[in-house]
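# Examining the three-dimensional arrangement
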There are 2 protein chains.
Amino acid sequence: MDTENTSGTIISSEKVRGTNVYSPAGEKLGSVEALMIDKISGRVRYAVMEFGGFLGMGTDVYPLPWDALKYSTEEGGYMVSLTKEQLDGAPRYNRDDSPEYSDEYGRKVYDYYNVPWL
Amino acid sequence: MDTENTSGTIISSEKVRGTNVYSPAGEKLGSVEALMIDKISGRVRYAVMEFGGFLGMGTDVYPLPWDALKYSTEEGGYMVSLTKEQLDGAPRYNRDDSPEYSDEYGRKVYDYYNVPWL
């Protein structure tokens, strides 16, 4: 698939992997590994993040509520406000051992980041 | 990434490619090639379909408004009501020559399938 189809705010699901994520100060934290999409509503529920060893976070991936991320057209990536302390206790998993993305799991993730589960 | 993370209605963007699309009669029409996502709202705007030679449609891909597709948990895929006549005049492109997904293009696609552009 052509990779130039990212004009405006529309991006192909094929290109989401690798979109950078920045701190509010503009520091690169990591990137989006995948989006988790609700097949029925077509809404993105989670961005699964990798932090590339940032802050010693290792190779686990971290599901974040979609609404915790803000897209910055300036940076060409997402911005998220996260501290090492927050991530230390955050839901995470080895990418080869994905949890069941049940409602119960979703509530846990959303609660952790204080995002309402709607 | 683990490919088993599709429980309930949540699916990884990595797995969307290849999800089957069926007619209301249950006939397989083709599959989803990619989802086009609004980076800012996190909503899926289009499903880009390939019809695998169905009805002689060739190898072009067809952007469909997301709301034209209904997910069927029974089929494990999407259902869409389409006729050959509809597809004959439908917006399409060679996958190596993607259009700019501008608002203007989006309105054209949505209008074609009589889906409101909101």
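Residues numbered from 1 in each chain as written. Chains lettered and ligands numbered in written order. Predicted model: local features only at pLDDT ≥ 70, side-chain atom pairs only at ≥ 80, totals over all residues. Heavy atoms only, no water.

This part is about the pairing of strand β4 (residues 44–50) of chain A. Strand residues, when the strand is regular, have side chains that alternate between the two faces of the sheet. Residue and element names in this part refer to chain A. With respect to burial, β4 is a largely interior element, seven of its seven residues being buried. Where strand β3 (residues 28–38) and β4 come together, six bridges link them in antiparallel fashion. Residue pairing for β4: Ile 37 is matched across the bridge by Val 44. The hairpin formed by β3 and β4 contains five residues between the paired strands, and Gly 42 there has a positive phi angle of roughly 75°. (Buried < 20%, exposed > 50% of the residue type's maximum accessible area, 1.4 Å probe, protein only. Helix = DSSP H or I, 4+ residues; strand = E, 2+ residues; numbered from the N terminus. Pairing = 2+ DSSP bridges.)

Under the defined criterion, the tally for this structure stands at 18 aromatic pairs over all chains. Summarising the aromatic geometry, the rings of Trp66(A) and Tyr78(A) are spaced 5.4 Å apart at their centres and angled 75° between planes, so their arrangement reads as edge-to-face. With Trp66(A) in the loop between β5 (61–65) and β6 (70–72) and Tyr78(A) in strand β7 (residues 77–79), this pair connects stretches of sequence that are twelve residues apart. A residue is classified by how much of its surface remains accessible, and Trp66(A), at 4% relative accessible area, is buried. Cluster of aromatic residues (ring-pair linked, three or more members): Tyr46(A), Tyr93(A), Tyr101(A), Tyr105(A), Tyr110(A) and Trp117(A). The ring of Tyr110(B) carries Arg45(B) above its face, with NZ or CZ at 5.4 Å from the centroid. When the ring centre of Trp117(B) is taken as reference, the NZ or CZ atom of Arg45(B) above it lies at 4.1 Å. (Phe/Tyr/Trp six-rings, centres within 6.5 Å; stacked < 30°, edge-to-face > 60°. Lys NZ or Arg CZ within 6 Å of the ring centre and 35° of its normal.)

Residues and elements named next belong to chain B. With five of five residues buried, strand β5 (residues 61–65) lies mostly within the body of the structure. Where strand β4 (residues 44–50) meets β5, five bridges bridge the pair, whose relative direction is antiparallel. Of the residues in β5, the one forming a bridge with Ala 47 is Leu 64.

What follows deals with unusual backbone geometry. In this model, Asn114(A) sits at a positive phi of 55°, which is unusual for a non-glycine residue. Checked against the element boundaries, Asn114(A) lands in the segment after α3 (103–112).

In this structure, Ser41(A) sits in the loop between β3 and β4. Assessed through its relative accessible area of 32%, Ser41(A) is described here as partly exposed. Apart from residues lying up to four places away in sequence, Ser41(A) is in contact with Arg43(B) and Trp66(B). At 3.2 Å, the side chain of Ser41(A) and the backbone nitrogen of Arg43(A) are in polar contact. (Contact = heavy atoms within 4.5 Å. Polar contact = N/O pair within 3.5 Å; in protein donor to acceptor, adjacent residues only side chain to side chain.)

Mapping chain A onto chain B leaves a residual RMSD of 0.0 Å; the transformation is a rotation of 180° accompanied by 0.0 Å of translation along its axis. Both copies of the chain, as the preceding transformation shows, are related through a two-fold rotation axis. Judged by C-alpha distance, Arg43(A) is the residue of chain A that lies nearest the rotation axis, at 2.4 Å. A symmetric contact is evident, with 100% of the interface residues of chain A recurring at the interface of chain B. (Least-squares fit on C-alpha atoms with pLDDT ≥ 70 in both.)

Another point: the environment of Thr83(A). All names here are of chain A. With respect to the helices and strands, the residue Thr 83 is situated in the loop between β7 and α2 (84–88). Through-space distance from the C-alpha of Thr 83 to that of Ser 23 is 9.3 Å; in sequence the pair is 60 residues apart. At a separation of 3.0 Å, a polar atom in the side chain of Thr 83 contacts the main-chain amide nitrogen of Gln 86.

The next thing to look at is the nonpolar core. In this structure, Leu35(A), Ile37(A), Leu35(B) and Ile37(B) are the most contacted members of the largest nonpolar core, which totals 66 residues. Look past the residues within four positions of Ile37(B) in its chain and what remains in contact with it is Thr9(A), Ile10(A), Ile11(A), Ser13(A), Val16(A), Leu35(A), Ile37(A), Val44(A), Gly42(B), Arg43(B), Val44(B) and Arg45(B). (Core = buried A, V, L, I, M, F, W, Y, C linked by side-chain atoms within 4.5 Å.)

None of the figures reported here should be taken as evidence of function without further support.
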